[in-house]
Amino acid sequence: SKEEQRSDDNLDVIKTRLDKYIEETYPVSQLFSEKFSQNFFAIDASQEVSKIQKELLNIIKKGQK
């Protein structure tokens, strides 16, 4: 919360976000990764934004061939 300057970030909020991710988002991503593996791409979001953008552009370019 200090780095992002968000006053609404605290341990309870973060726990709720993680619980929601595990309950709702993760199962959907697993389903898509298994059933649509040719169209599912995992991207390391801990990289710099410019690297993420480059990776996304490469994925899009490959899909247009």
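Everything below is about the structure printed above this text.
Residues numbered from 1 in each chain as written. Predicted model: local features only at pLDDT ≥ 70, side-chain atom pairs only at ≥ 80, totals over all residues. Heavy atoms only, no water.

Engineer: What is the right way to look at the overall build of the chain in this model?
Structural biologist: The secondary structure content of the chain amounts to two helices and zero strands. Computed over the C-alpha atoms, the radius of gyration of the chain is 16 Å, more than 25% above the 11 Å expected from 2.2 N^0.38 for a compact globule of 65 residues. Summarising its shape, the C-alpha atoms of the chain cover approximately 45 × 30 × 10 Å along the three principal directions. Going through the 65 residues of the chain one by one, you find that 5% of them count as buried. Entry remark: accessible area of the chain is about 6200 Å², with carbon and sulfur atoms responsible for 55%. Distance from the positive charge centre (11 side chains) to the negative charge centre (12 side chains) of the chain: 9 Å. (Helix = DSSP H or I, 4+ residues; strand = E, 2+ residues; numbered from the N terminus. Rg over C-alpha atoms; globule rule 2.2 N^0.38 Å. Buried < 20%, exposed > 50% of the residue type's maximum accessible area, 1.4 Å probe, protein only. Areas by Shrake-Rupley, 256 points an atom, 1.4 Å probe, with all protein chains shown as cover. Lys, Arg positive; Asp, Glu negative; His and termini not counted. Charge placed at Lys NZ, Arg CZ, Asp CG, Glu CD.)

Engineer: How should I be thinking about the packing of aromatic side chains in this particular structure?
Structural biologist: A ring pair, where both rings are aromatic, is described by two values, the distance of the centres and the angle of the planes. Following the criterion strictly, the structure yields two aromatic pairs and no others. Measuring from ring centre to ring centre gives 6.2 Å for Y21 and Y26, while their planes differ by 55°; the resulting arrangement is tilted. For Y21, a relative accessible area of 40% corresponds to the partly exposed category. Where F32 meets F36, the ring centres are 5.4 Å apart and the plane angle is 40°; that geometry is what we call tilted. The exposure class assigned to F32 is partly exposed, which follows from its relative accessible area of 40%. Assessed through its relative accessible area of 37%, F36 is described here as partly exposed. (Phe/Tyr/Trp six-rings, centres within 6.5 Å; stacked < 30°, edge-to-face > 60°.)

Engineer: Help me understand a nonpolar patch on the surface in this model?
Structural biologist: On the surface, I14, L18, Y21, I22 and Y26 cluster together to form a nonpolar patch covering roughly 490 Å² of accessible area. Mapped onto the secondary structure, Y26 falls in helix α1 (residues 11-35). With relative accessibility at 40%, the residue Y26 sits in the partly exposed group. (Patch = residues over 30% accessible without salt bridge, like charges linked within 9 Å, V, L, I, M, F, W, Y side chains within 5 Å. Salt bridge = Lys/Arg side-chain N within 4 Å of Asp/Glu carboxyl O.)

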